Amino acid sequence: TVRQQIPNSYTVRIVLFLPILVYRQILTMSMSMNMMNRHIPNLLLAVAVIVGSCNAFSANPFVALKKTVSPSFRLDATTSSTSNDLGSSVGQLKKVLEREYISFFDPMRTEFYAEDVTFDDPLTTLDGVSSYQDNVDMLAGRTLMGKFLFQDAGIILHSVTGGEISSDGKSISDIITRWTLKFTFKGLPWKPTARFSGISEYKVVPSPDKPEGVQITGQVDYWDSINILPGGKYKQVDKGVALKDFLNQIAPGGFQAQTAAPEVPYTLLRRGDGYEVRRYPAMNAVQIPYGRRDEGFGTLGAFARGMNPLAPAVMEVSDDEEANKYMLWPLTYALPGSDVAPEVKAAVEKAAEGGQWKKCEILDIPSKDVAVGFFSDASMGPVVRRADRELRAALERDGLVPSTDGDGKVKFAQYDAIFSMGKRRGEVWVELKEDGANPW
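## Considerations on helix α4 (residues 86-103)
With 18 residues, α4 should cover 26 Å at 1.5 Å per step; its first-to-last C-alpha distance of 26 Å lies within 8% of that length. Listed in full, the buried residues belonging to α4 are L86, S89, V90, Q92, L93, V96, L97, E100, Y101 and S103. Looking at the packing, one finds that the buried side of α4 touches β1 (113-120), β3 (150-162), β4 (175-185), β5 (193-207) and β6 (213-223). By the N-cap criterion, in which a side-chain oxygen at the helix start approaches the backbone nitrogen of a residue two or three places on, α4 is capped by D85, the distance to G87 being 3.3 Å. F104 sits one or two residues past α4 and shows a positive phi near 50°.

## Describing helix α9 (residues 345-352)
Since the α-helix packs 3.6 residues into each turn, any two residues three or four apart lie on the same face. Every buried residue belonging to α9 is among A347, K350 and A351, and all of these are buried. Axial view of α9: buried residues confined to an arc of 95°, hence all on one face. For α9, the exposed residues lying more than 90 degrees away from the buried face are K345 and A352. Against α8 (293-303), β11 (325-333) and β12 (361-365) lie the buried residues of α9. Backbone geometry just downstream of α9 places G354 in the positive-phi region, at approximately 75°.

## With respect to the sheet that holds β1
Whenever strands of a sheet pair, they do so through backbone hydrogen bonds, lying parallel or antiparallel. The six strands lie next to each other as β2-β1-β6-β5-β4-β3, forming an open sheet whose pairing is mixed. Of all strands in the sheet, those with a lone pairing partner are β2 (125-127) and β3, marking the two edges. On average, each strand axis in the sheet is inclined to that of its neighbour by 20°, with strand direction left out of account. Direction of pairing for β1 relative to β2: antiparallel, over a ladder of three bridges. Among the inter-strand pairings, D120 is bridged to a residue of β2, identified as T125. Against the sheet, helix α7 (residues 239-250) contacts β1, β2, β4, β5 and β6, and its axis sits at roughly 145° relative to β5.

## Side note on the layout of surface pockets
Sizing a probe to match a water molecule and rolling it over the atoms shows the empty space that remains. The volume enclosed by the largest pocket comes to roughly 1500 Å³. Together, 40 residues line the largest pocket, and R195, Q256, E276, F374 and R425 are the ones closest to its centre. Those elements that provide at least two residues to the lining of the largest pocket are β3, β4, β5, α7, β7 (267-271), β8 (276-280), β13 (368-375) and β15 (426-431). At four residues, the largest contribution of residues to the lining of the largest pocket is made by α7. Approximately 590 Å³ is the volume attributed to the second largest pocket. Considering the residues around the second largest pocket, the lining is formed by 30 residues, among which R293, S379, M380, G381 and F412 are closest to the centre. Looking at the lining of the second largest pocket, the elements that each hand over two or more residues are α8, β10 (313-318), α10 (381-397) and β14 (409-414). Residue composition of the lining of the second largest pocket, by class: twelve nonpolar, six polar and twelve charged.

Definitions and cut-offs
- Residues numbered from 1 in each chain as written.
- Predicted model: local features only at pLDDT ≥ 70, side-chain atom pairs only at ≥ 80, totals over all residues.
- Heavy atoms only, no water.
- Helix = DSSP H or I, 4+ residues; strand = E, 2+ residues; numbered from the N terminus.
- Expected span 1.5 Å × (residues − 1).
- Buried < 20%, exposed > 50% of the residue type's maximum accessible area, 1.4 Å probe, protein only.
- Contact = heavy atoms within 4.5 Å.
- Polar contact = N/O pair within 3.5 Å; in protein donor to acceptor, adjacent residues only side chain to side chain.
- Arc of directions from axis to C-beta.
- Pairing = 2+ DSSP bridges.
- Axes fitted to C-alpha atoms, helices over the stretch in contact; angles between N-to-C directions.
- 1 Å grid on protein atoms, 1.4 Å probe; cavity = no way out; pocket = protein on both sides within 12 Å on 5 of 7 lines; lining within 4 Å.
- Points joined across faces, edges and corners; volume = space filled by probe spheres on them.
- Nonpolar A, V, L, I, M, F, W, Y, C, P; charged D, E, K, R; others polar.

As structure tokens, this is what we get:
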């Protein structure tokens, strides 16, 4: 029954080899025998089920990590252009691509793709429209095996650019889409979530003998985490590099420290090599100057009692030891479609009382794009400043532009409940320049 419902695509072959690769990775980690004893029976059961349902497949075992499911969206069947104007045809194709991403290729407009179109991403290569469509149907959960393996899949399309017409009207530059993808692999006991960001380059040629006027002849995907060259351009790498990047994401993370509060949601713009770029919504927050961090937490904890503050706590410190240090707690954030966070009336009234709250300042913070570096050691000065230097070096390497050079200040974020046990989550933040200086 399973074989009848699953297409013979490269996508399905990952399920045979991935559990073995993942558990081989686990064996090299410092894990207790108790954990191994708990998970090995699950591995054996998974392999037994997978082998029973997939042994008809062969060749390349690795999945093409394409875009994943967004809310279903049907296209008007009459959208193909009847104009002979090449510019109009390219514009129509870009709209089709936007809608295909939104709907996760439901339906896929196959008339815009050449029959022998090629698809190449960091993990695998596919030939032909039907192979690609089989692949996305699996990842979108539109097959029985897809429903068994994946959940919480989603994609955000950031932009569609390119497609300029040459002066002689005979060629078209590549169309570039920029996106972020995530999915949860529920076939593993700890249900890890993998996240990827990157671009897709579409090779497009004029096709005057067809009603659409243009056709896609090839698509190449690149991940921000492995394919960026110094300066920000992209280049293909060995598929083993991509496999290692994927396995590192889905390996068990170990015992994590307790989070102090619910986290402010954000849009992941880039998962890069050693850093992320996030777009945070507008926030309403309370900020105070502090001397000792534990005293700052105590003051803000007392002030925000009953207001349901959010994580992370964001600190800003200067090289000048005489300068004030500041701690900020988010209170609310702007909902989708709004540029302003709701005001917390209780916070405004409390800050206006003065007295013990006279140093508490209520801030309206606009939406920002923030580059984020990571550290897990205690948030001591040398640790934070080293992480800040490494983040700024990575941004320069990948062609991203900070809003300032730092001015001797470092901003860092803390998520964990104070005195909590386990692996801690610390971050350094660098705001990125606006006005087209960066890709988003």
